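Overview (structure and organization)
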Amino acid sequence: RCIGVKIMWARIESGSVQEVIDNPKALTIGDTQYPKNIFTLWSQPELDTIGLYKYVETGSGNVRFYNDGDPSFSIAGKVATGTYSPVASDTLANFKALLIEQTRKGVNSFFRSEVDDHYAQKYRTGSYEVPDAVSAYATALTSKWDDYKKAINAVTDIADLEDVSMVWPDLP
């Protein structure tokens, strides 16, 4: 669903939303069949006269943490609105564990690719000194990772978890 970007319509009958139309399509209203091109050839006031109102959606949650469920509908003038009441799709504890695990994998991936490549180069050249830039970056990354874990573990609800992010240090 594209919220706030895509043009959508609601088919209204007897004062209530019967259907949400997110792509133009041919349809039958009463005894009349309409081709799908009415959505592009007709003006919105013309569509309104046959019960095809402009449709907007509100209240959608962050899809990373919430399921939207089914909307409740309201009609004001010639605009139908679908309002979602997002529901957490998992427990806070599970989200915390997932975020920590995903980031741990990213940090480990860096150490496997960048640091292991560095040590392989050292082995090939016979140089066993770790450059200051590599050492400083590894220290900064470990520190950011520790701060990120603390921030995640300090959160007490999912809404606050949405605001926690790890800013990776700049590469040397």
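Heads up: the structure comes first, above all this text.
Not measured: the values here are computed from a predicted model.

Definitions and limits used
- Residues numbered from 1 in each chain as written.
- Predicted model: local features only at pLDDT ≥ 70, side-chain atom pairs only at ≥ 80, totals over all residues.
- Heavy atoms only, no water.
- Salt bridge = Lys/Arg side-chain N within 4 Å of Asp/Glu carboxyl O.
- Helix = DSSP H or I, 4+ residues; strand = E, 2+ residues; numbered from the N terminus.
- Buried < 20%, exposed > 50% of the residue type's maximum accessible area, 1.4 Å probe, protein only.
- Pairing = 2+ DSSP bridges.
- Axes fitted to C-alpha atoms, helices over the stretch in contact; angles between N-to-C directions.

Observations regarding the pattern of salt bridges
Counted under the stated rule, the structure contains 5 salt bridges. Residue lysine 25 is joined to glutamate 19 by a salt bridge in which the shortest nitrogen-to-oxygen separation is 2.3 Å. Close ionic contact of aspartate 146 with lysine 149 constitutes a salt bridge, the shortest N to O distance being 3.7 Å. Of the two residues, aspartate 146 and lysine 149 are both situated in helix H4 (residues 132-154); the distance of 3 residues between them amounts to about one turn of the helix. Looking at aspartate 146, the relative accessible area reads 31%, which means it is partly exposed. For lysine 149, a relative accessible area of 26% translates into the label partly exposed.

Overview of the pairing of strand S7 (residues 72-76)
Pairing analysis gives 5 bridges linking S7 to strand S8 (residues 79-83), with the strands arranged antiparallel. Paired with alanine 76 across the bridge in S8 is valine 79. Turn length for the S7-S8 hairpin, with the two strands adjacent in sequence and antiparallel, is 2 residues, and the turn residue glycine 77 shows positive phi of about 65°.

A short note on the sheet that holds strand S2 (residues 16-21)
In space, the 5 strands of this open sheet follow the order S2-S1-S5-S8-S7, with mixed pairing throughout. Looking at the sheet topology across the chains shown, the edges are occupied by S2 and S7. The mean inter-strand angle of the sheet, taken between neighbouring strand axes irrespective of direction, is 35°. As paired elements, strand S1 (residues 8-13) and S2 share 5 bridges and run antiparallel to each other. Across the sheet, isoleucine 12 pairs through a bridge with valine 17, a residue of S2.

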